[in-house]
Amino acid sequence: MNIRNVVLGCLLICFSCKEDPGINRKLPLPNSPYITILGIAQDGGYPHINNNSEFEQVEDDSSLKELVVSLGLVDPINQKKFLFEATPDMPEQLSNLERNYLKTDKIIDGIFLTHAHMGHYTGLMHLGREAMGSKNISVMAMPRMKTFLETNGPWEQLVSLENIKILPLKEDVSVQVTKKLKVTPFLVPHRDEYSETVGYKIDGPNKSALFIPDIDKWSKWERDLLTEVEKVDYAFLDATFFAEGEIPRPMSEVPHPFVEETVNAFAKADSTTKSKVIFIHFNHSNPALDQNFEERRKLESMGFRFANQGGVYKL
Ligand SMILES: [Zn+2]
Ligand SMILES: [Zn+2]
């Protein structure tokens, strides 16, 4: 076994224990449905292309490698597991899910996609002829996303060779994935070049979660963020950028709610509501990727949380 991986693994677990009670890996896994975090980075991952210093930091263990945003949804009672997003890191994430969470005879029981940006669907390529050559893996997609996959190479080959089977989703219509778990897509405003974009509500036997990895701005959403978060127990929210000026190109080209803006939306909320917010989908430029970033610590003291790979949230 590679020593570096062992060290990284220990670091991950230790950070997990320290940072968030939801992810204390010393605790046994729940024997009822839960969400586990399989990746927290924005589409480009961390380290990021054209950033040698990030690669060096990961190499010398001064930073952690972060996989692209993905959630695992596990139902140990019904022995089923689902993936949210098919990221470029999907092989590692599926292996993690299988080895560390739920081992079954099926690699995955279904993959829910949010939209056609590179970090969120291109992992499907690993299911094709050049790699796994899977048979009828269920992929849940909204209408434009489904058409996009069915009518553009190389994705249409996954459909014609029946590596994947696309099950259509409808806005605000729930899918009962197991007896205890329900998943509901809802539209969010985003740069919809190739597909619409959805977030998901995940309902478990006792708790529920929102997953909105990408959205342009909260003000463009027809729903009110605070009201929606109050209705659930966890809200995994787009934290691509911390603040204006973070990347050296016009940030209006890639609109996302800044962490600062999301925090402002909770100005009048109590700390219980704030603690439902779990930031995720961090661009490599986001200083909050560093657990010691002062502003991050300040937000954590107010109740806000930051997702870490390995985090487990009971539903
Ligand atoms: Zn994204
Ligand atoms: Zn996107």
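The paragraphs below set out a description of the structure included in this document. Model, not experiment: these values are computed from the prediction.

1. A short note on the coordination of the zinc ion (ligand 2)
All of the protein donors around the zinc ion (ligand 2) are His115 (NE2), His117 (ND1) and His190 (NE2); their distances to the metal are 2.2 Å. All donors of the zinc ion (ligand 2) come from a single chain, and their spacing in sequence reads H-x1-H-x72-H. For the pair the zinc ion (ligand 2) and the zinc ion (ligand 1), the metal-to-metal distance amounts to 3.7 Å. Within this pair, whereas histidine 117 is found in the loop between strand 4 (111-112) and helix 4 (118-121), its partner histidine 190 is found in the loop between strand 8 (181-187) and strand 9 (198-203), the two being separated by 73 residues in sequence.

2. A few points about the coordination of the zinc ion (ligand 1)
Binding of the zinc ion (ligand 1) to the protein goes through Asp43 (OD), His120 (NE2), Asp214 (OD) and His281 (NE2), at separations of 2.0 to 2.2 Å. Here the zinc ion (ligand 1) is ringed by 4 donor atoms whose angles at the metal span 80 to 179°, and the overall shape comes out irregular. The sequence motif formed by the donor residues of the zinc ion (ligand 1) is D-x76-H-x93-D-x66-H.

3. Details of the side chain of aspartate 75
Here aspartate 75 shows up in strand 2 (residues 70-75). Of the side chains bearing the opposite charge, lysine 180 lies closest to the buried aspartate 75, which forms no salt bridge; the N-O distance is 7.9 Å. In this structure the side chain of aspartate 75 is engaged in a polar contact, spanning 3.0 Å, whose partner is the backbone nitrogen of isoleucine 77. Of the polar contacts made by the side chain of aspartate 75, one reaches the side chain of threonine 178; its length is 2.6 Å. Not counting chain neighbours up to four residues away, the residues in contact with aspartate 75 comprise Pro33, Lys80, Leu102, Thr178, Lys180 and Leu181.

4. Quick look at the environment of alanine 141
Secondary-structure assignment places alanine 141 in strand 5 (residues 137-141). Residue class for alanine 141 comes out buried when judged on its relative accessible area of 0%. For alanine 141 and alanine 239, which are 98 residues apart along the polypeptide, the C-alpha to C-alpha distance reads 23 Å. The contact partners of alanine 141, leaving out residues within four places of it in the chain, are Lys146, Ile166, Leu167, Pro168 and Leu169.

5. Topic: the layout of surface pockets
The calculated volume of the second largest pocket comes to roughly 380 Å³. Lining the second largest pocket are 19 residues, and of these Gln42, Arg191, Arg249, Val254 and Asn283 sit closest to its centre. Looking at the lining of the second largest pocket, its residues break down into 7 nonpolar, 8 polar and 4 charged.

6. Some thoughts on the side chain of asparagine 163
By the secondary structure assignment, asparagine 163 is in the loop between helix 6 (155-160) and strand 6 (164-168). Look at asparagine 163 and you get buried, because its relative accessible area is 5%. Setting aside residues no more than four positions away along its own chain, asparagine 163 makes contact with Leu127, Gly128, Arg129, Gly133, Ser134, Lys135, Asn136, Ile137, Gln157 and Leu158.

7. Some details on the pattern of salt bridges
Tallied over the full model, the rule gives 13 salt bridges. Where lysine 135 meets glutamate 162, a salt bridge forms, and the shortest distance between an N and an O atom there is 3.4 Å. Within this pair, whereas lysine 135 is found in the loop between helix 4 and strand 5, its partner glutamate 162 is found in the loop between helix 6 and strand 6, the two being separated by 27 residues in sequence. Given the relative accessible area of 58%, lysine 135 is considered exposed. Classification of glutamate 162 by relative accessible area gives partly exposed; the value is 40%. Two residues, aspartate 216 and lysine 220, come together in a salt bridge whose shortest N-O distance is 3.3 Å. A cluster of three or more residues bridged by salt bridges with shared partners is formed by Lys81, Glu98 and Lys103.

8. A look at the pairing of strand 5
It is a general feature of regular strands that their side chains alternate between the two faces of the sheet. Counting buried residues in strand 5 gives 5 out of 5 residues, a clear majority hidden from the surface. Every second residue of strand 5 is oriented toward a common face, with Ile137, Val139 and Ala141 on one face and Ser138 and Met140 on the other, all of them buried. The sheet contact formed by strand 4 and strand 5 spans 2 bridges and is parallel. Its bridge partner being in strand 5, phenylalanine 112 is matched across the sheet by methionine 140. In this structure, strand 5 lies alongside strand 6, joined through 5 bridges in parallel fashion. Paired with alanine 141 across the two strands is proline 168, which belongs to strand 6.

9. Quick word on the sheet that holds strand 2
Taken together, 7 strands build an open sheet; the order of strands is 6-5-4-3-2-1-14 and the sheet is mixed. Each end of this open sheet is capped by a strand with a single partner; those strands are strand 6 and strand 14 (312-314). The pairing of strand 1 (residues 34-39) with strand 2 spans 5 bridges and is classified as antiparallel. Each bridged residue has a counterpart across the sheet, and for threonine 36 the counterpart in strand 2 is glycine 72. Together, strand 5 and strand 6 form the strand contacts of helix 5 (residues 143-151), whose direction differs from that of strand 6 by roughly 155°.

10. A short note on the environment of leucine 161
As for its placement among the helices and strands, leucine 161 is situated in the loop between helix 6 and strand 6. Overall, leucine 161 belongs to the partly exposed group, its relative accessible area being 27%. Counting along the chain gives 12 residues from leucine 161 to valine 173, while the straight-line C-alpha distance between them is 29 Å.

Parameters and conventions
Within each chain, residues carry numbers counting from 1 in the order of the written sequence. Whichever chain is written first is A, and whichever ligand is written first is 1; the rest continue in order. pLDDT decides what is reported in this predicted model: residues at 70 or higher carry local features, side-chain atom pairs at 80 or more are listed and counted, and totals for whole chains, interfaces and linings draw on all residues regardless. Side-chain numbers here rest on the full set of heavy atoms in the structure, without hydrogens or water. Only nitrogen, oxygen and sulfur atoms qualify as donors, and only when within 2.8 Å of the metal (3.2 Å in the case of Na, K and Ca); with water excluded, sites may look incomplete. In DSSP terms, a helix is any run of H or I states spanning at least four residues, a strand is any run of E spanning at least two, and both are numbered starting from the N terminus. A four-donor site is called tetrahedral if each angle lies between 85 and 135 degrees; a four-donor site is square planar, and a six-donor site octahedral, when trans pairs exceed 155 degrees and the remaining angles lie between 65 and 115; all other cases are labelled irregular. Relative accessibility decides the category of a residue: with a 1.4 Å probe and only protein chains considered, values under 20% of the type maximum give buried, values over 50% give exposed, and everything between is partly exposed. We score Asp and Glu as negative and Lys and Arg as positive, and we do not count His or the chain ends. Salt bridge criterion: a side-chain nitrogen from Lys or Arg within 4 Å of a carboxyl oxygen from Asp or Glu. Identification of polar contacts relies on pairs of N or O atoms within 3.5 Å, with a donor-acceptor requirement for protein atoms, meaning one able to donate a hydrogen and the other able to accept it, and with residues adjacent in sequence counted only if both atoms are side-chain atoms. Throughout, a residue-residue contact means that at least one pair of heavy atoms, one from each residue, lies within 4.5 Å. Here the term cavity refers to a set of points on a 1 Å grid, laid over the protein atoms alone, in which a 1.4 Å probe fits but cannot get out; the term pocket refers to an open set having protein on both sides within 12 Å along at least five of seven lines, with lining residues being those that place an atom within 4 Å of a point. Grid points are joined across faces, edges and corners, and a volume is the space filled by probe spheres set on the points. Gly is put with the polar residues, along with every residue not named as nonpolar or charged; the nonpolar set is Ala, Val, Leu, Ile, Met, Phe, Trp, Tyr, Cys and Pro, and the charged set is Asp, Glu, Lys and Arg. Strands are labelled as partners when DSSP assigns at least two bridges between them. Structural elements are reduced to axes, namely lines fitted to C-alpha atoms, with helices fitted over the stretch in contact, and the angle between N-to-C directions of any two is expressed from 0 to 180 degrees.

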